[in-house]
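# Summary of structural features
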Amino acid sequence: MVPVKKLLLCAGTAAFFAGVGAWTASTRASAEQIPQLAGPGLGWISNGGWLDPPAGTGHGPLKQDPAHPFHGNLDGPGQVTHALADTTDPVLKPWAAAQMLATNDEVLSGKR
């Protein structure tokens, strides 16, 4: 009886490691199909501010309010300004535009 138990144990162990090997091989193959989601040149943000999304990918992030252009630390000499959202963007729901307008007003009045 002992040799049969050892044989079954060895067969089970061999089957387990064969399955692990097959899983590892399939994982390597599927990893080649995973898109690169991070790295330089990817996404919508750059050192100079927001970039437009690639054509056909959707709306993209909200832009700066055209009445208050943004000037950051990396934009050269000049007064640094706050980032204020364009509340006239048609993608915004009316309640969201009102909330953002209230926040923009607080920033411009110095409360934030």
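What this report covers is the structure whose coordinates are included nearby. (Residues numbered from 1 in each chain as written. Predicted model: local features only at pLDDT ≥ 70, side-chain atom pairs only at ≥ 80, totals over all residues. Heavy atoms only, no water.)

## Some details on the overall build of the chain
Here is the rule: Segments assigned H or I by DSSP are reported as helices when at least four residues long, segments assigned E as strands when at least two residues long, and all are numbered from the N terminus. Each accessible area is a Shrake-Rupley result for a 1.4 Å probe, and residues are judged covered by the shown protein chains and nothing else.
When you go through the chain residue by residue, the secondary structure sums to 2 helices and 2 strands. Ordering the α and β elements of the chain from the N terminus gives α-β-β-α. Here the chain has roughly 9100 Å² of accessible surface; of this, 66% comes from carbon and sulfur atoms.

## A short note on helix α2 (residues 94-109)
Short version of the rule: What a helix is expected to span follows from its residue count: subtract one and scale by 1.5 Å. Each residue is placed in one exposure class: buried if its accessible area under a 1.4 Å probe, protein chains only, is under 20% of its type's maximum, exposed if it is over 50%, and partly exposed if it falls in between. In this description, the arc belongs to the directions extending from the helix axis to the C-beta atoms.
Spanning 16 residues, α2 covers 22 Å between terminal C-alpha atoms, matching the ideal 22 Å at 1.5 Å per step. Of all the residues in α2, the buried ones are Ala 96, Ala 97, Asn 104 and Val 107. One side of α2 holds all its buried residues, which, seen down the axis, span an arc of 95°. The outward face of α2, more than 90 degrees from its buried face, is lined by the exposed residues Pro 94, Trp 95 and Gln 99.

## Some points on the environment of Leu 101
Residue position: Leu 101 is located in helix α2. A relative accessible area of 42% places Leu 101 in the partly exposed class. For the pair Leu 101 and Leu 84, spaced 17 residues apart in the sequence, the C-alpha separation amounts to 8.9 Å.

## Structural notes on the side chain of Asp 89
Here is the rule: For the purpose of counting charges, residues Lys and Arg are taken to be positive, whereas Asp and Glu are taken to be negative. His and the chain ends are not included. Counted as salt bridges are all cases of a side-chain nitrogen of Lys or Arg within 4 Å of a carboxyl oxygen of Asp or Glu. A contact between two residues is defined here by any heavy atoms of the two lying within 4.5 Å.
Along the polypeptide, Asp 89 turns up in the loop between β2 (49-50) and α2. Buried charged residue Asp 89 carries no salt bridge. Nearest counter-charge: Lys 63, at 7.9 Å. Among all residues touching Asp 89, those that are not within four sequence positions of it are His 59 and Leu 62.

## Structural notes on the environment of Gln 99
Looking at the element boundaries, Gln 99 is found in helix α2. In this structure, the C-alpha to C-alpha distance between Gln 99 and Thr 87, residues 12 residues apart in sequence, is 9.1 Å.

## Comments concerning the side chain of Asp 86
Condition: Distance and chemistry together define a polar contact, namely a pair of N or O atoms within 3.5 Å, with one atom able to donate a hydrogen and the other to accept it when in protein, and with adjacent residues in sequence counting only for side-chain atoms on both sides.
Within the secondary structure layout, Asp 86 lies in the loop between β2 and α2. This buried residue, Asp 86, is left without a salt bridge; Lys 63 holds the nearest opposite charge, at 9.4 Å. Reaching out from Asp 86, the side chain makes a polar contact with the side chain of Thr 88 at a distance of 2.6 Å. Leave out the neighbours within four places in its chain, and Asp 86 touches Lys 63, Gln 64, Asp 65, Pro 66 and Leu 92.

## Quick look at a nonpolar patch on the surface
To keep things clear, this is the line we draw: Nonpolar side chains (Val, Leu, Ile, Met, Phe, Trp, Tyr) within 5 Å and like charges within 9 Å form the patches, drawn only from residues with over 30% relative accessible area and no salt bridge.
A cluster of nonpolar side chains, contributed by Phe 16, Phe 17 and Val 20, occupies part of the molecular surface with about 310 Å² of accessible area. Along the chain, Val 20 turns up in helix α1 (residues 2-31). Here Val 20 falls in the partly exposed class, since its relative accessible area comes to 34%.

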